[in-house]
Amino acid sequence: MVWVRSKKKYMRTGTAAASHRTSGAGKPESPAEKPLEPRVPVWLIVGPALFLAGIAAGAVFSGNAPREAVSHLDFLFQTDFRLRLEDPFFSGFVSSLASSFLLAAVCFLCGLSIWGTFLLPLVPVARGVGVGLVAGYLYTAYGLQGGAFYWLLFLPGTLIGSVGIFLAVQESWRFSKRLSMGGSVKAKIGPYAFRFGLFLVPCLMGALLEWGTSAIFSLLFSF
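These notes cover the structure that comes with them. (Residues numbered from 1 in each chain as written. Predicted model: local features only at pLDDT ≥ 70, side-chain atom pairs only at ≥ 80, totals over all residues. Heavy atoms only, no water.)

Focus on the environment of S180
Convention followed: Strands here mean DSSP runs of E at least two residues long; helices mean DSSP runs of H or I at least four residues long; both are numbered from the N terminus.
Mapped onto the elements of the fold, S180 is located in helix α6 (residues 122-180). As a C-alpha pair, S180 and I114 span 66 residues in sequence and 4.9 Å in three-dimensional space.

Below is the structure:
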């Protein structure tokens, strides 16, 4: 009798558990339709780590770059610095916002592909390499003056804008992962695009800060 009751209890438990796994229409819930929980912000940790690694790689490369590469960097920097003095809004604000917007757009498109999870790590690395190239070039070519220029004018806005990029990478990674698991995303594209609009706010703030520091401190330097 004990065995029979245990068996019946087991059968009732299994039936109840099965009823919890069914939807209101009596159909089993697809695993792909379940939300991706828990929402661990992996890329808010990994992203900055890759960003710092990219900065180190870019700085090392810039310090050991061939003469031709250094001359190209010098030409680009002199042109950008002159344009910042003549038209700080366009050269500072628009160019900074454009670079952040481009990376955010890459993240957005990666999130709409099942291959996005493999491509997204390149985004913070690419941004870090660009920042590292500028840092290495300025310090190698102009010493302490170049370092001060980098810390005062370039780095603060870049770091704030990078926060938006890290958030975009995290959101794209989750969306791409949902696609790779076969989940339905048609009803979620609208909120996905809306969140990306919010991620552009730090990018906008970083661009405004870079524009402001350029307008204030550019006259203190001469290259």
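Side note on a nonpolar patch on the surface
Put simply, the rule reads: The patches reported here contain residues having more than 30% relative accessible area and no salt bridge. Joining distances are 9 Å for like charges and 5 Å for nonpolar side chains (Val, Leu, Ile, Met, Phe, Trp, Tyr). Surface accessibility follows the Shrake-Rupley procedure with a 1.4 Å probe radius. Residue values consider only the protein chains on display as shielding. What counts as a salt bridge is simple: a side-chain nitrogen of Lys or Arg found within 4 Å of a carboxyl oxygen of Asp or Glu. We call a residue buried when its accessible area falls under 20% of the maximum for its residue type, exposed when it is over 50%, and partly exposed in between, using a 1.4 Å probe and counting protein chains only.
Taken together, the side chains of I114, W115, F118, L119 and L122 present a nonpolar region at the surface, about 580 Å² in accessible area. With respect to the secondary-structure elements, I114 resides in the loop between α4 (88-111) and α5 (116-119). Judged by its relative accessible area of 43%, I114 is partly exposed.

Digging into the state of the cysteines
Formally: We call a pair of cysteine sulfur atoms a disulfide when they lie within 2.5 Å.
A full pass over the atoms with the stated rule returns zero disulfides. Here C107 stays free of any disulfide, with the sulfur of C110 as its closest cysteine sulfur at 6.5 Å.

Here's the deal with the environment of W211
In this fold, W211 is placed in helix α7 (residues 189-217). As a C-alpha pair, W211 and S95 span 116 residues in sequence and 9.7 Å in three-dimensional space.

Observations regarding α6
Here is the rule: What a helix is expected to span follows from its residue count: subtract one and scale by 1.5 Å. Two axes enter the bend calculation: one fitted to the seven residues ending at the residue in question, the other to the seven starting there, and the bend is the angle between them.
Over its 59 residues, α6 runs only 19 Å from end to end, short of the ideal 87 Å by more than 12%, given 1.5 Å per residue. Along α6, the sharpest change in direction is near 145° and occurs at Y142. A positive backbone phi angle near 85° is found at G182, which sits one or two residues after α6.

Focus: the packing of helix α2 (residues 43-63) against α6
Filter applied, for reference: Axes here refer to lines fitted to C-alpha atoms; in helices the fit is confined to the stretch in contact. Angles between the N-to-C directions go from 0 to 180 degrees. Working rule for angles: under 35 degrees goes down as roughly parallel, over 145 as roughly antiparallel, 65 to 115 as roughly perpendicular, anything else as oblique. When the near helix sits turned anticlockwise from the far one by under a right angle, the crossing is termed left-handed; a clockwise turn instead gives a right-handed crossing. Throughout this entry, Asp, Glu, Lys and Arg are counted as charged residues, while Ala, Val, Leu, Ile, Met, Phe, Trp, Tyr, Cys and Pro are counted as nonpolar. The remaining residues, Gly among them, count as polar.
The geometry of α2 relative to α6 is characterised by a closest axis approach of 9 Å and an angle of 150° between their N-to-C directions. By the angle class used here, α2 and α6 are roughly antiparallel. The chirality of how α2 crosses α6 is right-handed. Among the residues making up the contact of α2 with α6, the classes are represented as 19 nonpolar, 11 polar and one charged.

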